[in-house]
Amino acid sequence: MKIFYLQLKVKPTRKNEKYDLVEGALAHCWIKETNPQNTLAKAEFFVSKSDWEITGVEDYPIEVNESNFSGKDLGTENYLKAKSEGISIAYVGWSRDGKTTAGPFQLKQSYKFPISEYIDYQKKLSQKGRCLHYENGRRCNEIIKAHSIQKNQSLSAIAQNGHVYKISANIGFLKKNKGRLTYKKSGINKVSTFLGFCKRHDNELFEPIDNDLLIPTDQQILLYSYRSLCRELFVSENALELVKNQLGNGVNQDAIKKMLSGYVNGKSFGLKNLNSHKLEYDKSLRNKSYSDIKYVVFKSRQKPIIAFSGIFYPDFDFLGRQLQNLGDYSRDLQLITFCSAPIEKSWAYIFAWHQTSSNVCVDFMRSLATKAHNDVRSLGDALFRLAITNCENLAISPEWWDKLKKDNKEKIADRAIYWADILSVTEESYLIDGLEGISDWKFEKVISNMD
Ligand SMILES: [Zn+2]
């Protein structure tokens, strides 16, 4: 990511004795982002969140580097802060005579986000178990911690003394600074689990993938895909409930209220789509119509370095073409799931979708084939890029991560911010390039039942 610099014209929204001199001020913003549009949106949010009214743009975002601020202490300091924390803003104002500069200073933000309450409620929600099995009912009495990433051979294959790295929960956007994603070591019994199935249903349903290696059979693929979907449904319901609860408790700060309401709208739309996809999966499982699942499986002979399970609505393909507009709430979204799975001698990367999503998913997979055809070495990089960018349910091998160069670790952390960042709009080119030469992935074989 790059660092952009811009200046906004601002005035304080509240009377404040200390700053009564201020006629107006400039907000100097340094922001780590991928493009000027996202930079401007982010600057506007953070400035209005701090109780300033934006009256205009003095200078639009331009890309900068450290040398642009050489000899300027304030500039260099803020540039470096943005580089490590994602964002830095300094407010500088003038006195009434128009000559004296005041600041840099901060207004004290009037609204304090109740972070500890938020985290408590988040925890409470995640402990509220429910069985998502297609035949759930009264007999689902013993909800267990179900693994969403295959545990026996997949998570354990990358673990070191029973531990893996995972991305730590991010609530950075609620804090003063955006924060940075960090990777923390966790025991594999805690990673990727969710209270989404009862013991009986979990054991019965997932038996063909929990105890057997991937062959693959249609049934196995359908089960992997279903589990990714159910996990997403579980965390999305919780996330939505969490933010709705927060709004219900009263948020008296317009910028934050607007941001949270936007989040609720987007999340509700996503969840509505997830629920209708789940009904299709439920039907196929109930009828044992396993061939309703379509897939592409890439087999590797290398030692796995990550294990993951995720879903997304493909918006742009590997060539940067738009497949569906995620902002158009009047249309249904098509869904793809992807995960890692153990195979004999090593591991595989699975893409799978229900045939009702074939329109978008076939085009998506073809774009990957075209990319790999043009440059065969780009396949491993493309698959790695996708997993890191679109999947927060991902575990990393400590043995691999600890040996990784610092700048590669930073590149991965910057990428992983994408999914966590609700203020950024996805760039159409986000799957075209990035993270080259880090995974060193090669795939020996491709298996598919795609028409
Ligand atoms: Zn059950």
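Look above for the structure.
So, here is what we can say about the structure in this document. (Residues numbered from 1 in each chain as written. Predicted model: local features only at pLDDT ≥ 70, side-chain atom pairs only at ≥ 80, totals over all residues. Heavy atoms only, no water.)

1. Thoughts on the overall build of the protein chain
At step 1: Within the protein chain one finds eleven helices and 15 strands.
At step 2: Summed over its atoms, the accessible surface of the protein chain is roughly 21,400 Å², and 47% of this surface lies on carbon and sulfur atoms. (Helix = DSSP H or I, 4+ residues; strand = E, 2+ residues; numbered from the N terminus. Areas by Shrake-Rupley, 256 points an atom, 1.4 Å probe, with all protein chains shown as cover.)

2. Quick word on helix 6 (residues 218-248)
At step 1: Between its first and last C-alpha, helix 6 extends 44 Å over 31 residues, near the 45 Å set by a 1.5 Å rise per residue.
At step 2: Among the 31 residues that make up helix 6, 22 are buried, leaving the element largely enclosed by the rest of the structure.
At step 3: Looking one or two places after helix 6, you find G250, whose phi comes out positive at around 95 degrees. (Expected span 1.5 Å × (residues − 1). Buried < 20%, exposed > 50% of the residue type's maximum accessible area, 1.4 Å probe, protein only.)

3. With respect to the sheet that holds strand 8 (residues 183-187)
Each strand in a sheet pairs with another by means of backbone hydrogen bonds, the pair being arranged parallel or else antiparallel.
At step 1: Pairing is antiparallel in the open sheet, where eight strands are placed in the order 8-7-14-11-12-13-10-15. Each edge of the sheet is formed by a strand with only one pairing partner; in this case those strands are strand 8 and strand 15 (445-448). Averaged over neighbouring strand pairs, the angle between their axes works out to 25 degrees when direction is ignored.
At step 2: Note: strand 12 (residues 336-343) against strand 13 (residues 346-354), seven bridges, orientation antiparallel. Across the sheet, residue I343 finds its bridge partner in strand 13, namely S346.
At step 3: The sheet strands contacting helix 7 (residues 254-286) are strand 10 (293-300), strand 11 (306-312), strand 12 and strand 13, and the helix crosses strand 13 at an angle near 105 degrees. (Pairing = 2+ DSSP bridges. Axes fitted to C-alpha atoms, helices over the stretch in contact; angles between N-to-C directions. Contact = heavy atoms within 4.5 Å.)

4. Notes on the nonpolar core
The tendency in soluble globular proteins is for nonpolar side chains to be buried as a group.
At step 1: L8, C29, V47, F197, L214, Y226 and I350 are the most contacted members of the largest nonpolar core, which totals 72 residues.
At step 2: Take this core: its biggest share by element is 13 residues, from helix 6.
At step 3: Looking at this core, you find at least three residues from each of domain 1 (2-105) and domain 2 (115-448).
At step 4: Listed in part, the 47 residues of the second largest apolar core include Y183, L383, A416 and F443. (Core = buried A, V, L, I, M, F, W, Y, C linked by side-chain atoms within 4.5 Å. Domains from an automatic or database assignment.)

5. Describing the coordination of the zinc ion
Four donors placed tetrahedrally about a metal ideally form angles of 109.5 degrees, and six donors placed octahedrally ideally form angles of 90 or 180 degrees.
At step 1: The zinc ion binds to the protein through C131 (SG), C140 (SG), C198 (SG) and H201 (ND1); the donor distances cover 2.1 to 2.3 Å.
At step 2: Geometry at the zinc ion is tetrahedral, judged from its four donor atoms and the angles of 103 to 116 degrees they form at the metal.
At step 3: Counting residues between consecutive donors of the zinc ion along the chain gives the motif C-x8-C-x57-C-x2-H. Remark: H201 occurs in helix 5 (residues 199-210) and C140 occurs in the loop between helix 3 (115-126) and strand 6 (143-147); sequence separation between them is 61 residues. Each member of the pair, C140 together with H201, is buried. (Donors = N, O, S within 2.8 Å, 3.2 Å for Na, K, Ca; no water. Tetrahedral: all angles 85-135°; square planar, octahedral: opposite > 155°, others 65-115°.)

6. Details of the pattern of salt bridges
At step 1: Scanning all chains against the criterion turns up 14 salt bridges.
At step 2: Among the salt bridges present, the one from K42 reaches E33, with a minimum N-O distance of 2.7 Å.
At step 3: Note that E392 is salt-bridged to R231, the shortest N-O span being 2.9 Å. You can see E392 sitting in the loop between helix 9 (378-390) and strand 14 (394-396) and its partner R231 sitting in helix 6, a full 161 residues away along the chain.
At step 4: The exposure class of R231 is buried, given its relative accessible area of 11%. (Salt bridge = Lys/Arg side-chain N within 4 Å of Asp/Glu carboxyl O.)

7. A few points about the packing of helix 8 (residues 358-374) against helix 9
At step 1: Their axes nearest at 8 Å, the elements helix 8 and helix 9 cross at an angle of 140 degrees. Our classification of the angle between helix 8 and helix 9 gives oblique. Like other packed secondary-structure pairs, helix 8 and helix 9 cross with a definite hand, here right-handed. Residues F364, L368, K371 and A372 of helix 8 form the contact with helix 9, whose participating residues are S378, L379, A382, L383, R385 and L386. (Parallel < 35°, antiparallel > 145°, perpendicular 65-115°, else oblique. Left-handed = near helix turned anticlockwise from the far one by under 90°.)

8. Describing the packing of helix 5 against helix 6
At step 1: Running from amino to carboxyl end, helix 5 crosses helix 6 at an angle of 115 degrees, the nearest separation of the two axes being 9 Å. Along this stretch, helix 5 crosses helix 6, giving a crossing that reads as left-handed. Between helix 5 and helix 6, the residues in contact are L205, F206, P208, I209 and D210 and Q219, Q220, L223, Y224, Y226 and R227, respectively.

9. Side note on the environment of S48
At step 1: Along the chain, S48 falls in helix 1 (residues 36-49).
At step 2: A sequence separation of 38 residues divides S48 from V10, and the C-alpha atoms of the two residues are 9.1 Å apart.
At step 3: Those residues within four positions of S48 in sequence are excluded, and the remaining contacts are Q253 and A255.
At step 4: Reaching out from S48, the side chain makes a polar contact with the backbone oxygen of E44 at a distance of 2.5 Å. (Polar contact = N/O pair within 3.5 Å; in protein donor to acceptor, adjacent residues only side chain to side chain.)

Read these as geometric descriptors, not functional statements.
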